[in-house]
Amino acid sequence: MSDDNKFKVEGKLADNERMKGKSHLLRGTIAEDLKDDVTGGFTADNFQLIRFHGMYQQDDRDIRAERTKQKLEPLHNVMLRARLPGGVIQPHQWLVIDKFAADYTMYGSIRLTTRQTFQFHGVLKPNMKLMHQTLHKAGIDSIATAGDVNRNVLCTSNPIESKVHKQAWDWATKISEHLLPKTNAYAEIWLDGEKVDSTQEDEPILGKNYLPRKFKTTVVIPPQNDVDVHANDLNFVAIAENGELIGFNVLVGGGLAMTHGDHSTFPRKADDFGFIELDKTLDIAAAVLSTQRDWGNRVNRKNAKTKYTLERVGVENFKAEVEKRAGVKFAASRAYEFTSRGDRFGWVEGIDGKHHLTLFIENGRILDYPGKTLKTGCAEIAKIHQGDFRMTANQNLIVAGVALEQKARIEALAIKHGLMEASVSNQRKDSMACVSLPTCPLAMAEAERYLPEAVTEIEGLLAKHGMQDESIIYRVTGCPNGCGRAMLAEVGLVGKGPGKYNFHLGGDRQGTRIPRMFKENITDTEIMAHLDELIGRWSKERTASESFGDYVIRAGIIAPVVDSARDFYD
Amino acid sequence: MTSNNGNNNFSALTEQQLQLLSSAASSLNSNQLIWASGFLAGLAGAANALPIPPSSLTTEQASLQPTLTILYGSQTGNSKGVANSYKASALEQGFKANVVSMSDYKPRQLKNETHLVVIVSTHGEGDAPDDAVELYEFLASKKAPKLPNLKFAVVGLGDTSYEFFCQTGKDFETRLLALGATALAERLDCDVDYESVIADWTVSLNAKLKDELKPVVTEQVMNLTPAANAVAESLYNKKNPFAASLSESLKITARDSVKDIRHIEVSLEGSGIVYKPGDALGVWFSNDEAMVQRILAATSTNAEDKVLIAETEFTLLDALLDKLELTLSYPGFVKKYQAQTAHQELAKLMEDKVALREYLSVSQIVDITEKFPAKIAAQDLVDALRPITPRLYSIASSQAEVEDEVHLTVAHIEYEANGFTHQGGASGFLSTRLQEGDKLNVYVENNDNFRLPPDPNTPIIMIGPGTGIAPFRAFMQERDATEAQGKNWLFFGNPNFTQDFLYQTEWQGYLKSGLLSKISLAFSRDQASKIYVQDRLKEHGKEVFEWLEQGAHFYICGDALRMAKDVENALLALVAEHGNKTTAEAKEYVTNLRKSKRYQKDVY
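All of the points below concern the structure found in this document. (Residues numbered from 1 in each chain as written. Chains lettered and ligands numbered in written order. Predicted model: local features only at pLDDT ≥ 70, side-chain atom pairs only at ≥ 80, totals over all residues.)

### Things to note about the overall build of chain A
Then, number 1: Each helix and strand counted, chain A has 18 helices and 22 strands in total.
Then, number 2: Scored against the burial criterion, the 570 residues of chain A give a buried share of 54%.
Then, number 3: When contacts within chain A are restricted to residue pairs at least 6 apart in sequence, those whose partners lie at least 24 apart make up 68%. (Helix = DSSP H or I, 4+ residues; strand = E, 2+ residues; numbered from the N terminus. Buried ≥ 20, exposed ≤ 12 C-beta atoms within 10 Å, placed from the backbone. Contact = placed C-beta atoms within 7 Å.)

Structure representation (structure tokens):
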């Protein structure tokens, strides 16, 4: 007997398991719901199933109560998250999404996200098929960007090491394709594709019940850790020799999501399984995924992610199973170092002589604001740009592969449309928030809408203490699921209730230390008061160039999280 | 399964038939029952037995006296009310008089009439009310008999703010004259404030008829007065409204809607008022004080000036606030205002009738006085204005559900023009000027032309775009509360799904519970080409026709000008297509629906 089910968790399966199992490989009755014009929403299982197709049902929460009183249902709409491995998008594709956002979304924006892709917010049901068909024509889909599957695969946005980046990005794409659901459901429902009998279909890698929980993969090129490996289930750390990619160190079991008040949940860093040769990449990816598929907890969704599986079965058992399934032995890890996570703004020249312009996009929200026509600016650039665009895991945008003779024109457009503002502080560039209110149904507190003013306050505090040239990696996430990756920030806020956050301190700048909760459930005003005091102390007591996160640990203000499974709640 | 059939063949009626007959009989008085027994015997006896019309239902003695037949054609019940009150006065004179709805009247009976009073209203673009259509068309057809022995009088009810004022009344007169009948009196065209002119007309007509209809005192005649009507009528009416209170005024179109539609709840507590689904609520309202102040300024009049209205003294301010019509414009005002002020520009405008009508259609009294300001005596201003009239709103609730509340669905009219905000008279009053808890005077206006089918098992098709949804909310509440088993199909339309789906969550609930069998939605602005309820009706033509064949009743509520006509055309088209009928046959099919009260409209 195989060991496939050796560590299977017995018990009553979570309801999502019934939902997936009965879905006819992700079809459900989505097609019927699309015809139901009495509601803008989806019913029962379809509400969950559309996530596997890259959409979340949301509504404008600001006016939910008002509409209920008006005898109107919530303003149901969907958010679409595209699948763009490594965040690379071509100018002609950009123009397509620019137009769709303007014509058919409630918010009119293109939202770059921490998953290195874009989201449309506020698409109404009658426009959903048009959306998928429009994207399909442009060569974009949204398959498996949400749900219990391997989601959009990230890849370091490194335009300088052009050759290594190209090779790494190819692998990100291959991994994404390899781990994608094979069901024809997406094509049938959204693209009017031919109907296929689901009983004749197979999901050889994901399995017919798909994964126990979401699964996130990255390809990372040190020394940058822009993708935040410790927020991901599976990471391929690019190892290059003489400018050529030769293989990957494989890190497994990172993840930041937790549940307020449930100490069986915690953020966790990934473990290093060792080095593999390039040609083993897909086998290893499939083996990690399938081991988690078979051993992951399908009884309790709160303990279903790979990180909990590793804790439960033991890292060595999990690793051995992966080696067995892939027919590969991990070699000793190659040396690498992460030094930063931020994007390098402005122009840089790659080793291929092409130029790359990284634009800072606050909150990743590309929209025309008064005096700052970001969306028009990006579209104008797309019209003349001959390279590609790269969305970064920090929610910024790179105009990549610009020939020298085009530099001036592109820069002029970027300046004209407010995309290259010299006044943006380092603090603002090192700050990040998830989408949160008003659209995200999970949000407990403001994030994106609160961030700009919060950063302004922190800038003020830094200036007050003479630290205006420094910055703190500051992240706000609206709920403990952690899209804003606050659990890898020097100062991380996790939404607890309206205007209230759990206040975490002590992460590092490289994203290799999880911050610990310093104060629970306090107001933004209280947080600023604490920061005022702490930044004041940091300015006086820091050693040369000591970061804020390192300082609060050294000063004993907060104890470091060393082994989060055991000490996160200490 | 067939063993009992032998018995049933000889039993008089099925249970259902028996129920229907009993229910019909329960509303008849003893004379009517006697007549009905003869009528039924006649039907059973021979094919030659034409039904004897109700007007000959009297004793022999009474039949010697000529009968005055009062026919009314009514959409909202005003003509019916005038007919009944005129009848009461005729009976007081000792005349023998019958009131009959045109929809219940057999046109061929006309040639037997000697004295006829026609009271008929006009709707939309000069259209006859639903229940008058058949008689109206008959009079113009080749089938119409010569009527040399007929003497008649016509009262038209209308509204001078419409172009084809009292057109139907005019047409009735023209057609009767063409058939050789003689006019007893000059036709009376009534504007919305008709009470006093009707009173004068009644006196004068009765004087003329005195010799024609010699009084013969007979108790039998008096017995013809349908007593049931009087009992059913509420203590409260247009002249004696109930001071209700506003319990809720809520905008139910979403914040980005191009429309402002309010859900209004009014408490009738303590009134004992009873209404039925299909009825309308008459709402008296006060004018906007800011608007009144502008009129005072434009006319150089003073708020405290004393004026007389129907011999009662008011301050001008109070008169303008509560007694006079200011939000609709009418040529009568312009004429009198110009006469008193000798305003030259206004005189010029009056010369071009079309231009004047167009101007009035977009102007309130305040706009006219501001555009043509002139000093006028307070009393002259008051005399130039016509009395305020209550507005009728189709009731959006059933008492089976809401008990002593009454709900309305009101389009709040508000727009900027000439530098300030204009509001609809009653809609502005209900939507913004009245606060929750404030009093408002209301009464119920019966509308027997818009009723749920008597049989709870009869399917219904409801076409109610926009505020036309109101009575169907009442219908569904009623059918829900009474557990009626008939199928229900609603057609609703408005500009946008996310903004204008009136009572969305209630319809979702009714769909879920199964009360609402089907809903067909037309949101005109949600796609490039506009889609309206009539388009949905066409799409579902086959099924709609099947429902009609199953006996479904078909209702339209809402805009009379375009929607009701487009829906009717769609109905005719689908009947022709799916019933495999010629245009004429389809028309006849729909006419029969109307005649059998299976096609009812509440349009405005």
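Anyway, onward from the coordinates.
### Regarding the overall build of chain B
Then, number 1: Across its full length, chain B holds 26 helices and 21 strands.
Then, number 2: Residues classed as buried in chain B amount to 41% of the 604 residues present.
Then, number 3: Put simply, of all contacts in chain B between residues at least 6 apart along the chain, 77% involve residues at least 24 apart.

### Topic: the sheet that holds strand 19 (residues 518-523) of chain B
Residues and elements named next belong to chain B.
Then, number 1: Reading across from one edge, 19-18-17-20-21 is the order of the five strands in this open sheet, with parallel pairing throughout. Edge strands, defined here as strands with exactly one partner in the open sheet, are strand 19 and strand 21 (599-603). Pairs of neighbouring strands in the sheet enclose a mean axial angle of 10°, with direction left out of account.
Then, number 2: Where strand 20 (residues 553-558) meets strand 21, five bridges bridge the pair, whose relative direction is parallel. (Pairing = 2+ DSSP bridges. Axes fitted to C-alpha atoms, helices over the stretch in contact; angles between N-to-C directions.)

### A word on the interface of chain B and chain A
Then, number 1: Each partner contributes residues to the interface: chain B has 18 residues there, and chain A has 14 residues.
Then, number 2: Counting residues per element, the ones that place at least two in the side of chain B that touches chain A are strand 7 (242-251), helix 21 (497-500), helix 22 (504-513) and strand 19 of chain B.
Then, number 3: Looking at the side of chain B that touches chain A element by element, the count peaks at six residues for helix 22 of chain B.

### Looking at the sheet that holds strand 2 (residues 76-81) of chain A
Residue and element names in this part refer to chain A.
Then, number 1: Spatial strand order, 1-2-5-4-13: five strands in an open sheet with antiparallel pairing. Each edge of the sheet is formed by a strand with only one pairing partner; in this case those strands are strand 1 (55-59) and strand 13 (365-366).
Then, number 2: Where strand 2 and strand 5 (residues 118-123) come together, three bridges link them in antiparallel fashion. Paired with valine 78 across the two strands is valine 123, which belongs to strand 5.
Then, number 3: Against the sheet, helix 5 (residues 91-104) touches strand 4 (110-112) and strand 5, its axis set at about 20° to strand 5.

### Considering the packing of helix 12 (residues 374-384) of chain A against helix 13 (residues 404-416) of chain A
Residues and elements named next belong to chain A.
Then, number 1: Axis separation between helix 12 and helix 13 bottoms out at 9 Å; the angle between their running directions is 165°. Considered as vectors, helix 12 and helix 13 are oriented roughly antiparallel to each other. When you trace helix 12 past helix 13, the crossing you get is right-handed. On helix 13, the residues that touch Gly377, Glu380, Ile381 and Ile384 of helix 12 are Arg409, Ile410, Leu413, Ala414 and Lys416. (Parallel < 35°, antiparallel > 145°, perpendicular 65-115°, else oblique. Left-handed = near helix turned anticlockwise from the far one by under 90°.)

### Quick word on the nonpolar core
Then, number 1: Ala168, Val219, Ala238 and Val399 of chain A are the most contacted members of the largest nonpolar core, which totals 100 residues.
Then, number 2: Once you skip the residues sitting within four places of it in the chain, alanine 238 of chain A turns out to touch Val164, Ala168, Val219, Val220, Ile221, Leu245 and Phe248 of chain A.
Then, number 3: Formed by 79 residues, the second largest nonpolar core is a distinct cluster that contains Ala254, Leu430, Leu452 and Phe554 of chain B. (Core = buried A, V, L, I, M, F, W, Y, C linked by C-beta atoms within 7 Å.)

### Topic: unusual backbone geometry
Residues and elements named next belong to chain A.
Then, number 1: Here proline 222 and proline 223 are connected by a cis peptide whose omega angle stands at 10°.
Then, number 2: Along the polypeptide, proline 223 turns up in the loop between strand 7 (217-220) and strand 8 (234-241).
Then, number 3: Cis geometry marks the peptide bond from leucine 437 to proline 438; its omega dihedral reads 10°.
Then, number 4: Residue position: proline 438 is located in the loop between strand 18 (431-433) and helix 15 (451-464).

### Focus: the environment of glutamine 510 of chain A
Residues and elements named next belong to chain A.
Then, number 1: If you trace the backbone, glutamine 510 turns up in the loop between strand 21 (500-505) and strand 22 (516-523).
Then, number 2: Since 20 C-beta atoms lie within 10 Å of it, glutamine 510 is described here as buried.
Then, number 3: Distance from glutamine 510 to aspartate 60, taken between C-alpha atoms, is 36 Å for residues 450 residues apart in sequence.
Then, number 4: If near-sequence neighbours (up to four positions away) are discounted, glutamine 510 is found in contact with Asn225, Phe338, Thr339, Ser340 and Arg341.

### Digging into the environment of threonine 369 of chain B
Residues and elements named next belong to chain B.
Then, number 1: Looking at the secondary structure, you find threonine 369 in helix 16 (residues 365-371).
Then, number 2: C-alpha of threonine 369 to C-alpha of alanine 298: the two residues are 71 residues apart in sequence and 5.7 Å apart in space.
Then, number 3: Sequence-distant contacts of threonine 369, defined by excluding residues within four places in its chain, comprise Ile295, Ala298 and Thr299.

### Side note on the pairing of strand 16 (residues 439-445) of chain B
Residues and elements named next belong to chain B.
Then, number 1: In terms of burial, strand 16 is a largely internal element, five of the seven residues being buried.
Then, number 2: Taken together, the four bridges between strand 7 and strand 16 define a ladder with antiparallel strand orientation. Across the sheet, the residue bridging to alanine 243 is asparagine 441, located in strand 16.
Then, number 3: Taken together, the four bridges between strand 9 (residues 280-283) and strand 16 define a ladder with antiparallel strand orientation. In the sheet register, leucine 281 faces strand 16, and the bridge partner there is valine 444.

### Examining the packing of helix 5 of chain A against helix 12 of chain A
Residues and elements named next belong to chain A.
Then, number 1: Where helix 5 meets helix 12, the closest approach of the two axes is 8 Å, and the angle between their N-to-C directions is 145°. The way helix 5 lies across helix 12 gives a crossing that is left-handed. Every residue of helix 12 that contacts helix 5 at Pro91, Trp94, Leu95 and Asp98 is listed here: Lys375, Cys378, Ala379, Ala382 and Lys383.

### Thoughts on the pairing of strand 15 (residues 420-423) of chain B
Residue and element names in this part refer to chain B.
Then, number 1: The pairing of strand 14 (residues 414-417) with strand 15 spans four bridges and is classified as antiparallel. Across the sheet, alanine 417 pairs through a bridge with phenylalanine 420, a residue of strand 15.
Then, number 2: A loop of two residues connects strand 14 with strand 15, the two strands running antiparallel in sequence, and asparagine 418 in this loop sits at a positive phi of about 50°.

### Quick look at helix 22 of chain B
All names here are of chain B.
Then, number 1: Those residues of helix 22 that sit buried are Gln504, Trp507 and Tyr510. Down the axis, helix 22 shows its buried residues gathered within 125° of arc, on one side only. Among the exposed residues of helix 22, those pointing more than 90 degrees away from its buried face are Lys512 and Ser513.
Then, number 2: Check the buried side of helix 22 and you find it contacts helix 20 (470-481), strand 18 (488-494) and strand 19. (Arc of directions from axis to C-beta.)

### A look at helix 5 (residues 78-92) of chain B
Residue and element names in this part refer to chain B.
Then, number 1: The end-to-end C-alpha separation of helix 5 is 21 Å, in line with the 21 Å expected for 15 residues at 1.5 Å each.
Then, number 2: When helix 5 is considered as a whole, its buried residues turn out to be Asn78, Ser79, Lys80, Gly81, Val82, Ala83, Tyr86, Lys87 and Ala90.
Then, number 3: Tucked inside the fold, the buried residues of helix 5 contact strand 1 (67-73), strand 2 (96-101), strand 3 (115-121), strand 4 (151-157) and helix 8 (195-209).
Then, number 4: With its phi angle positive at about 90°, glycine 94 sits one or two positions after the end of helix 5. (Expected span 1.5 Å × (residues − 1).)

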